[in-house]
Every structure is written in C-alpha cells, then in structure tokens.
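Architecture at a glance
Listed below are the residues making up each chain.
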Amino acid sequence: MKIKTAKMSYEEVLALPVPAHEKPVKQRFIFRVLLAALSLWDLWATHFTYRMIDMDKLDKDEPCLVLMNHSSFIDLKIAIRLLCTRPFHIICTSDGFVGKRWLMRSLGCIPARKFMTDVTLVRDMVYAVRELKSSVLMYPEASYSFDGTQTPLPDSIGKCLKVLKVPVVIIRTHGAFARDPLYNNLQLRKVRVSADVEYLLSAKEIEEKSAQELNDILQEKFTFDYFRWQQENKVRIKETFRADGLNRMLYKCPRCKTEGQMCGQGTKILCKQCGKEYELTEYGYLKDFNADMQEVDKVSDHEQKWQEEQREGYLETKERNFTHIPDWYKWERECVRQELLDGTYRLEVPVTIYMMVNTDRIYQVGEGVLTHSRRGFHLTGCDGKLDYTQEPLASYSLYSDFYWYEIGDVISIGNEKVQYYCFPKESGDIVAKARLATEELYKLARAEALKSK
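Below: a short report on this structure. Quick caveat: nothing in here was measured; it's all calculated off a predicted structure. Residue numbers run consecutively from 1 along every chain, following the written order of its sequence. In keeping with the predicted nature of the model, local features appear solely for residues at pLDDT of at least 70, side-chain atom pairs appear and are counted solely at 80 or more, and the whole-chain, interface and lining totals rest on all residues. The side-chain figures draw on all heavy atoms in the structure; neither hydrogens nor water molecules are used.

**Digging into the sheet that holds strand β3 (residues 65-68)**
At least two bridges found by DSSP between two strands is the condition for calling them paired. A run of H or I in DSSP counts as a helix once it spans at least four residues, and a run of E counts as a strand once it spans at least two, with each numbered from the N terminus. With respect to topology, 7 strands assemble into an open sheet ordered β2-β8-β7-β3-β6-β4-β5, the strand pairing being mixed. If you trace the sheet from one side to the other, it starts and ends with β2 (49-53) and β5 (109-112), each paired once. Looking at each pair of strands side by side, their axes are set apart by 25 degrees on average, direction ignored. Residues are treated as being in contact if the distance between any of their heavy atoms lies within 4.5 Å. To get an axis, a line is fitted to the C-alpha atoms, and for a helix only the part in contact is used. The angle between two axes follows their N-to-C directions and goes from 0 to 180 degrees. Each of β3, β7 (168-174) and β8 (194-201) touches helix α9 (residues 211-221); the most contacted strand, β8, lies at about 165 degrees to it.

The structure is reproduced here in structure tokens:
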C-alpha cells in the first residue's frame, strides 16, 4: 500500500488550509458489503476460523466498543468479517485518510492521532454510539507489535469506557502476526489464522468499576506472546525469508553490544561486527548458529577476530544467548532504560522530513536532523526554518514503523496541528530503539512528575 506524496517547501505547507473537523457519518451498508467482499480472499487463503464467547449477551442492534489487538494488515479484514452484520465505525490513524477522505468517511472511519490525548476523538466515539447507534472498532495499542508481544495501552482507556457507557467486546487473533510480522517486508507466510470474539464487559459492569480496575482487566486481556504461541502450537513456518529484516527489531548484538550492525536475511541474523549468528527455526526459536559451526571446527572470520580481540582485552563484555525473540527485545529495552538512567542515551540522525497538515497528501519538505534525549525530541531542518520540540510526557509511546507505506522506516512526532514523518538516512536500525526509549522515558518522566507533586 502506498500513500499520496508531493514535494513542497516548508512555508508553502504551513500556508495550506487546515480542514475543519467533521463529525462521523453513518456507515453506508453498501460499503460494508464491499469491505466484506474485498476481505474474502485473504481470509480464504489463511483458512480463517473464529470462535464466539458469550456473544449472546449482546443484543443484535446494541452498540458496543470492540477492542482488537494489532498484529498485521489482515486485522481489519478479520474485524470486517466478524462485524459486518452490524454498523460500526473504525478508529483509524489520520494518515490513512490521505488521498481518500470521502471514501474513508463513507466506510465509517474516524481519524485519530497515535499516542496523543485526543478529546475530539472521544467526542466522535460518543457521537457514533449514541447518535448514530453504531458500534466502534478500536485498536487500543494504536500500533503494530514489533516483537509479537503487547504494546502499551493508554492510561485513559478505562476513562474512555466509562464515558461511552456501552458493552465492550474483545477480538484476539491467532496466527496473524506469524503470517505477516511487521519486520518482514510485507512478505506473507502460509499460516492459518483464527480469532476469538468475547463479550467482556456490560455497561452495568463498567459503571460499577473504577477506571483503574477497567485498565487492569484490559491489560490482562492484551497480554500475549505470539512467538510463544507459535512454539506451543507447533506452527511451522517453512518460508526461507522468515528472518528478512529481523535486524530492524533485534538491532543490538547480545555478544559485543554493537548496535546497527545486525543483518537479518534468509533464515539467519548475523552481527557484522563480531560474527555472532543465530538461525530463526521453523518453529520460531533462535538457534545459536556459531555453536553448531564450532562443533565442526568452522569459525567465521568475524568470529575469529572477535575471539582474538576478547583475548587481548579489547572487549569487556558478558555474552547473552537468546532462544526467544521477545527476550532479546526485552533485553534491548532494559539496555535503553539504563542508558536513560545513566544519561548516556542520545539519538541524533539526519532525516528526510515529510509533513501532514491535511488529508490531501503527505508533503516532503526537505532535510533535517532528529535528536532524541532525556529532554525528548528535537527536530530541526528545512534550511533553519523548522524547529520543533516534543517533551517526554507528550506521548506514552512512539509512532514508529517499518517500511511505512513502502517509503521506508519512519519515526513520526507532532501535535494536533501537524505531524512530522522522519525517515532516517543510512544510519542503521534506530526505529525500534527510538520507540523503546520513548516508552521508558515517559515512565521515568511520569514518575518524576508524580514525585514532585
């Protein structure tokens, strides 16, 4: 999928008219039928099945809030198949409206800005359920999972449930991530996909519980590990490209601690600095490839060089061995948090800058530098005309993505008026680290703010 873009100067983009807010419109039945028809092929290809749990508690015409985990591009097609018998609105990231605003509104989509407090969005959701008598589909994680585990939920979700005052339904998918993980360059695997549709909370139960209690319930429901699911269910992925792009997520070598030198290709991921190599097996495990090679006395040039440097004392490091990808990603998170605590974390990278101020196009406005530190984000560029800062408490996570609309890996920051899309220029894999740092920095800054009160 691609997106409409255009080159324009920074000043010209700022001068563009900003569209006025429009309330959601009733989803047209014909479009719902069309969406369902367009979803059939992928669902047929994955032998899609589903299971209903306590859904008899929901009246046929009763509006509800549907919360769904976010794994891959097939998620929306699954939701359409499961919800096509009732009118529903879809909370969709604002850039999804670019070049097709009328169509998206007719389909029932409501624009939202990721990881930001959005009072207008809540008002639109209330309007949809109360005035339009329509259900609302929302992905509360707001972004695809990088490592197949849950991403942070907003603290405001419990309060949102209490404002809406409608039942809550949960959709959880199985196999969607294994079929099309974000890191893998949109290459589809042959995996069966299924889903559970569960009636979770009635309007009365929501009224009786506190916002924090609701948050705790949802946090439990949105706890998962899809690599573990693959292993436990013995789901075999035979495609030889299954490790392509894995370095985007596993960017730090567990042996020499070098960042940005990992290379995921074929079925293996290799550190180009020290030669450490893993194989991603057909059942989702990481296998130490170096150990197998050493057994037959085959050591790579990188491996031999690393061993010599270690003996000579050039490297002081304790090697970590991982068999489970989420464990590696969790270790990277711990490393980032320690950098933040030590005051050594800093990202400074040249970027190509795009902007969104309306839904006509995404505008390429020039080059710049994106910096991230304990103070938050700082974006400068466009010959000195652009100077934007974003504090740590502005967002609990980061809108970062791999191969965004087939342009490239992206880091997106911004506010209710403008969104900046920053594409790093040949600087290694930093998108995943930037997201981890944003999440950990938010936790630290929030703790400091609460302590100072």
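Moving on from the coordinates now.
**A word on the environment of C109**
Looking at the secondary structure, you find C109 in strand β5. Sequence separation between C109 and M55 is 54 residues; the distance between their C-alpha atoms is 24 Å.

**Examining the packing of helix α5 (residues 119-130) against helix α6 (residues 157-164)**
Running from amino to carboxyl end, α5 crosses α6 at an angle of 35 degrees, the nearest separation of the two axes being 10 Å. α6 is crossed by α5, and the crossing has right-handed handedness. Where α5 abuts α6, its residues V122, M125, V126, V129 and R130 lie against C160, V163 and L164. Side-chain classes are defined by residue name, with Ala, Val, Leu, Ile, Met, Phe, Trp, Tyr, Cys and Pro counting as nonpolar, Asp, Glu, Lys and Arg as charged, and the others, Gly among them, as polar. In terms of residue class, the contact of α5 with α6 is built from 7 nonpolar, no polar and 1 charged. Should the near helix be turned anticlockwise from the far one by less than a right angle, the crossing is left-handed, and should it be turned clockwise, the crossing is right-handed.

**Quick look at unusual backbone geometry**
For H47, which is not a glycine, the phi torsion comes out positive at approximately 55 degrees. Positive phi, normally seen in glycine, also occurs at Y405, with a value near 45 degrees. Here Y405 lies in the loop between β17 (399-404) and β18 (408-414). For every residue, the accessible area (1.4 Å probe, protein chains only) is compared with the maximum for its type, and the residue is labelled buried under 20%, exposed over 50%, or partly exposed between those bounds. Using a relative accessible area of 14% as the deciding quantity, one classes Y405 as buried.

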